Amino acid sequence: MSTKRSLQSGGRRAAAEAFEPERIKVVVFDADGVLVHGSTLYPAGLPAWQWVQRSGRRTYLLTNNSMRSRSAYARRWQRMGFPLRRSEIVTSGYLAALYLRRELAGGRIRPHIFVVGGPGIPAELKAVGVPGSWTRDPADERPAHYVLVGLDKQVNYRKLSRALRAILYDGAVFLATNRDATYPTERGLFPGAGSIVAALAASAGREPAAVMGKPEPRALELIAREVGCSLEELLVVGDRLETDILCARRAGAWSALVLSGVTDRKRLRSVTDPDELPHFVLRDVGQLPDLFAHPARYRWATPGP
Ligand SMILES: [Mg+2]
């Protein structure tokens, strides 16, 4: 086994030159298109997840969906027969709560936060212990220090107005859980959090100060910190080039694209941005054990992360 390393051009992180399966300590799975399709489990998902665990590696589920809290997510998956634990889940709502807790650590202000989003966001603010108060009620006129925007299926003009006015007149900091334009369901695409973020950004004339979920690398950095490993010891398995694969590339982690979700071979062959090129391509997660046994068979792009 070679331990030779190189520093790639362009200021990228130092990385292992070749994929060494024994160096991977964590497999980070995307949810939709990888383990589930809407509310239906893929048959290959649970065996792949359990194989990773039996191989002595850690498993994480990383989703940009902020509508449910980690606890609610775990309960929902357990009901479907998938033994997912809360500690194995990272959502964009959880990342936002951690971000706010860190921002406010040691400070004197007890901020008020206006949330455009589902119940998962307030639940995570509470679970993580963010100081201050928050509301999803546009009639709440308390001056806001932050506006946090995620996917809100009850979004309306009053909520957008309250969020805009908090940014313009309260001086609130504009934060977004993620910028996915759409999200996939069994009935096709629906507007994603990014469509609400875009509406607010257009009226405010500014972009969010920070975005939490994929393709931002902060989730993978958090997981590496939790596990106590380096980012090149992570393998991300996802179905979307511009979120899952880009997130892995930005973080300096390894990436495997599965063709069971939104990306087909035609789309894959049209990629021109090297940061959206997966290291490996699998038909679906069922091929994951074989990837670890025979990585060269699944190789798509070189060099390393
Ligand atoms: Mg997906």
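Because the structure is a prediction, the values reported are computed rather than measured. (Residues numbered from 1 in each chain as written. Predicted model: local features only at pLDDT ≥ 70, side-chain atom pairs only at ≥ 80, totals over all residues.)

Some words on the overall build of the protein
Helix and strand counts for the protein stand at 10 helices and 17 strands. On C-alpha atoms alone, the protein measures out to a radius of gyration of 20 Å, which is about the 19 Å that the 2.2 N^0.38 rule sets for 305 residues. Sorting the 305 residues of the protein into buried and exposed places 44% on the buried side. Sequence-distant contacts in the protein: of pairs separated by 6 or more residues, those separated by 24 or more amount to 66%. (Helix = DSSP H or I, 4+ residues; strand = E, 2+ residues; numbered from the N terminus. Rg over C-alpha atoms; globule rule 2.2 N^0.38 Å. Buried ≥ 20, exposed ≤ 12 C-beta atoms within 10 Å, placed from the backbone. Contact = placed C-beta atoms within 7 Å.)

Examining the nonpolar core
Val28, Val147, Val149, Leu220, Leu234 and Val237 are the most contacted members of the largest nonpolar core, which totals 82 residues. Taken domain by domain, the makeup of this core includes at least three residues from each of domain 1 (17–64 + 217–298) and domain 2 (93–211). Once you skip the residues sitting within four places of it in the chain, Leu220 turns out to touch Val28, Leu231, Leu234, Cys247, Ala251 and Ala253. (Core = buried A, V, L, I, M, F, W, Y, C linked by C-beta atoms within 7 Å. Domains from an automatic or database assignment.)

Regarding the domain arrangement of the protein
Under the domain assignment, the protein is made up of domain 1 (17–64 + 217–298) and domain 2 (93–211). A straight line from the C-alpha centre of domain 1 to that of domain 2 covers 28 Å. The partner domain 2 presents 8 residues to the 10 residues of domain 1 that form the contact. No other element matches helix 7 (residues 218–227), which puts 3 residues into the side of domain 1 that touches domain 2. Within the side of domain 1 that touches domain 2, the residues separate by chemical class into 3 nonpolar, 5 polar and 2 charged. (Nonpolar A, V, L, I, M, F, W, Y, C, P; charged D, E, K, R; others polar.)

Remarks on the packing of helix 5 (residues 157–169) against helix 6 (residues 193–204)
Put simply, helix 5 and helix 6 touch, their axes get as near as 10 Å, and they point 45° apart. Taken as axis vectors, helix 5 and helix 6 run oblique relative to one another. Here helix 5 runs over helix 6; the crossing is right-handed. Facing Leu160, Ala163, Leu164, Ile167 and Leu168 of helix 5, the residues of helix 6 in contact are Ala199, Leu200, Ser203 and Ala204. (Axes fitted to C-alpha atoms, helices over the stretch in contact; angles between N-to-C directions. Parallel < 35°, antiparallel > 145°, perpendicular 65-115°, else oblique. Left-handed = near helix turned anticlockwise from the far one by under 90°.)

A few points about helix 4 (residues 120–128)
Every buried residue of helix 4 is listed here: Gly120, Ile121, Pro122, Glu124 and Leu125. Where helix 4 is buried, its residues contact helix 2 (70–79), strand 7 (89–91), helix 3 (92–104), strand 8 (112–116), strand 9 (133–135) and strand 10 (146–149). Phi turns positive, to about 85°, at Gly129, one or two residues after helix 4.

What to know about unusual backbone geometry
Put simply, Lys214 and Pro215 share a cis peptide bond, and its omega is 5°. Along the chain, the position of Pro215 falls in the loop between strand 14 (210–211) and helix 7.

Some details on the pairing of strand 13 (residues 188–191)
Bridge count for strand 12 (residues 182–185) against strand 13 is 4 bridges, and the pairing is antiparallel. Bridge pairing in strand 13 links Thr185 to Gly188. Between strand 12 and strand 13, which pair antiparallel in sequence order, lie 2 residues. (Pairing = 2+ DSSP bridges.)

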